[in-house]
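Geometric and topological summary
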Amino acid sequence: MNAPHHDTAHGHVSLVGAGPGDPDLLTVRAARRLADAEVVVHDALVSDAVLSLAPATAERIDVGKRPGQGVAQDLINVLLVRLAREGKRVVRLKGGDPFVFGRGGEEAVALAEQGIVCEVVSGITSAIGAPAAAGIPVTYRGLSAHFTVVTGHRQRGETPVDWQSLAKAGGTIVVLMGVAQRAEIAAAVVEGGLADTTPVAAVHRATTGEQTVVRCSLRELATAPIESPAVIVIGAVASLNVQSIAAAVEH
Ligand code: SAH
């Protein structure tokens, strides 16, 4: 069940999902790998509470990519390969799930190309965990039979997102990295046929002590006070808050 993770000849790299922020949302395996780590290579989004689960003696390397700074992806790949070759127990710690954006797949391929097989430890993605923390189920019988997780951040060389088709498909649209582009996104999905009264919820720093939730309509999204990092939920489920329903029943 718990695969051996320390190969002394080649070191060991675990690509670990840190979940949305609250350390209680780590998997048991993620917590074990952190407790055993000699080096933790982490992104900017990983919370201090999660990082503190690594031994005080473990080296921590912040390769966080914030706009305009951070370490280039090629250098991160080279760093991981070098640490693995040094025989270290390396945890590559990424926010949410390592294979949902954040280029975890590319890092796994870069390691594999050097003959280093990394272990992948899935995490709770913010695409589901952030809405849940605001009381929003991404699917709900009668409201939404599917959800799409999409990046709002367009980079050169990336496949453009067909917002109009997403709007036509119905279901819940979950946008990551979309705060800066929210005006364009709202306009595109309205052009695709969504009513401008469609509910929207934006969950900022979900599951941390700094969590805030903004609820509005598509029409208001462009000017709503939303700060990054946030997950933006578009669709009928965005008006739900299962926690507030429970609170109303109690009183
Ligand atoms: N691999 C990550 C996503 C990386 S992309 C995952 O599975 O969650 C980074 C984006 O994730 C941010 O721009 C934001 O949209 C979202 N995000 C990650 N953690 C978040 C959190 N705690 N609260 C709100 N949004 C978060």
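Along each chain, the written sequence defines residue order, and numbers are assigned to residues from 1. For this predicted model, a pLDDT threshold of at least 70 governs which residues receive local features, and a threshold of 80 or more governs which side-chain atom pairs are given and counted, while totals over whole chains, interfaces and linings are taken from all residues. Side-chain numbers here rest on the full set of heavy atoms in the structure, without hydrogens or water.

1. Side note on the site of the ligand
Only a single heavy atom is needed: when it lies within 4 Å of a molecule or strand, its residue is near that molecule or strand. Neighbouring the ligand are 16 residues, the closest being Pro20, Val100, Thr125, Ser126 and Ala230. A 3.5 Å cut-off defines polar contacts: any pair of N or O atoms within that distance qualifies, except that in protein one atom must be a possible hydrogen donor and the other a possible acceptor, and neighbouring residues in sequence count only when both atoms are side-chain atoms. Interatomic distance of 2.7 Å between a backbone N/O atom of Pro20 and a nitrogen atom of the ligand. Methods summary: accessible areas were calculated by the Shrake-Rupley approach with a probe of 1.4 Å, and residue burial reflects only the protein chains presented. Across the complex, the protein chains shield 91% of the 540 Å² of accessible surface that the ligand would expose by itself. Its residues assigned to classes, the shell around the ligand comprises ten nonpolar, four polar and two charged. Inspection of the shell around the ligand shows a minimum of three residues originating in each of domain 1 (12–124) and domain 2 (127–245). Side-chain classes follow a simple rule in which Ala, Val, Leu, Ile, Met, Phe, Trp, Tyr, Cys and Pro form the nonpolar group, Asp, Glu, Lys and Arg form the charged group, and the remainder, Gly included, forms the polar group. In this document the domain limits rely on a domain assignment from an automatic tool or a database.

2. Focus: the side chain of Thr198
Helical segments are the DSSP runs of H or I of at least four residues, strand segments are the runs of E of at least two, and each set is numbered from the N terminus. Within the secondary structure, Thr198 is located in the loop between helix 7 (182–191) and strand 8 (199–204). Reaching out from Thr198, the side chain makes a polar contact with the backbone oxygen of Ala195 at a distance of 2.6 Å. Residue contacts follow a heavy-atom distance rule, with two residues in contact if any of their heavy atoms lie within 4.5 Å. Leave out the neighbours within four places in its chain, and Thr198 touches Cys216, Ser217, Leu218, Ile234 and Gly235.

3. Here we look at the domain arrangement of the protein chain
Once the domains are mapped, the protein chain shows domain 1 (12–124) and domain 2 (127–245). Relative to domain 2, the C-alpha centre of domain 1 lies at a distance of 27 Å. Taken residue by residue, the interface counts eight residues in domain 1 and ten residues in domain 2. Note: buried area is the sum, over both parts, of the accessible area (probe 1.4 Å) each one loses when the two are combined. In this assembly, domain 1 packs against domain 2 so that about 620 Å² is buried in total across both faces, 79% of it on carbon and sulfur atoms. Among the residues of domain 1 in contact with domain 2, Pro20, Leu45 and Phe101 are the three that bury the most area, contributing 63% of the side total. Between Lys or Arg on one side and Asp or Glu on the other, a salt bridge is scored when a side-chain nitrogen of the former is within 4 Å of a carboxyl oxygen of the latter. Put simply, domain 1 and domain 2 have zero salt bridges between them. In this structure, the connection of domain 1 to domain 2 is made through two residue pairs in polar contact (both at pLDDT 80 or more). Tallied by class, residues from the side of domain 1 that touches domain 2 come to six nonpolar, one polar and one charged.

4. As for the packing of helix 3 (residues 73–85) against helix 4 (residues 104–113)
Helix packing for two helices is described by the angle between their axes and how far apart those axes are. Only the contacting stretch of a helix is used when fitting its axis, a line to C-alpha atoms as for every element, and angles between N-to-C directions run 0 to 180 degrees. Interhelical geometry of helix 3 versus helix 4 gives an angle of 50° and a closest axis separation of 10 Å. As summarised for this structure, helix 3 and helix 4 are arranged oblique, according to the angle between their axes. Where helix 3 crosses over helix 4, the two elements pack in a sense that is right-handed. Residues Gln73, Ile76, Asn77, Leu80 and Val81 of helix 3 form the contact with helix 4, whose participating residues are Glu106, Glu107, Ala110 and Leu111. Note on angle classes: values under 35 degrees are labelled roughly parallel, values over 145 roughly antiparallel, values of 65 to 115 roughly perpendicular, and the remainder oblique. For any helix crossing, the convention is left-handed if the near helix is rotated counterclockwise from the far helix by under a right angle, and right-handed if that rotation is clockwise.

5. What about the sheet that holds strand 9 (residues 212–217)?
Read across the open sheet, the five strands follow the order 6-7-10-8-9; overall the sheet is mixed. A single partner strand is all that each edge strand has here, and the edge strands are strand 6 (147–151) and strand 9. When the angles between neighbouring strand axes are averaged without regard to direction, this sheet yields 20°. Here five bridges tie strand 6 to strand 7 (residues 172–176), and the two strands are oriented parallel to one another. Bridged to Thr151 within strand 7 is Leu176. Packing against the sheet, helix 5 (residues 126–133) makes contact with strand 6, strand 7, strand 8 and strand 10 (230–234), and its axis sits at approximately 80° to strand 10. Following DSSP output, two strands are said to pair if at least two bridges run between them.

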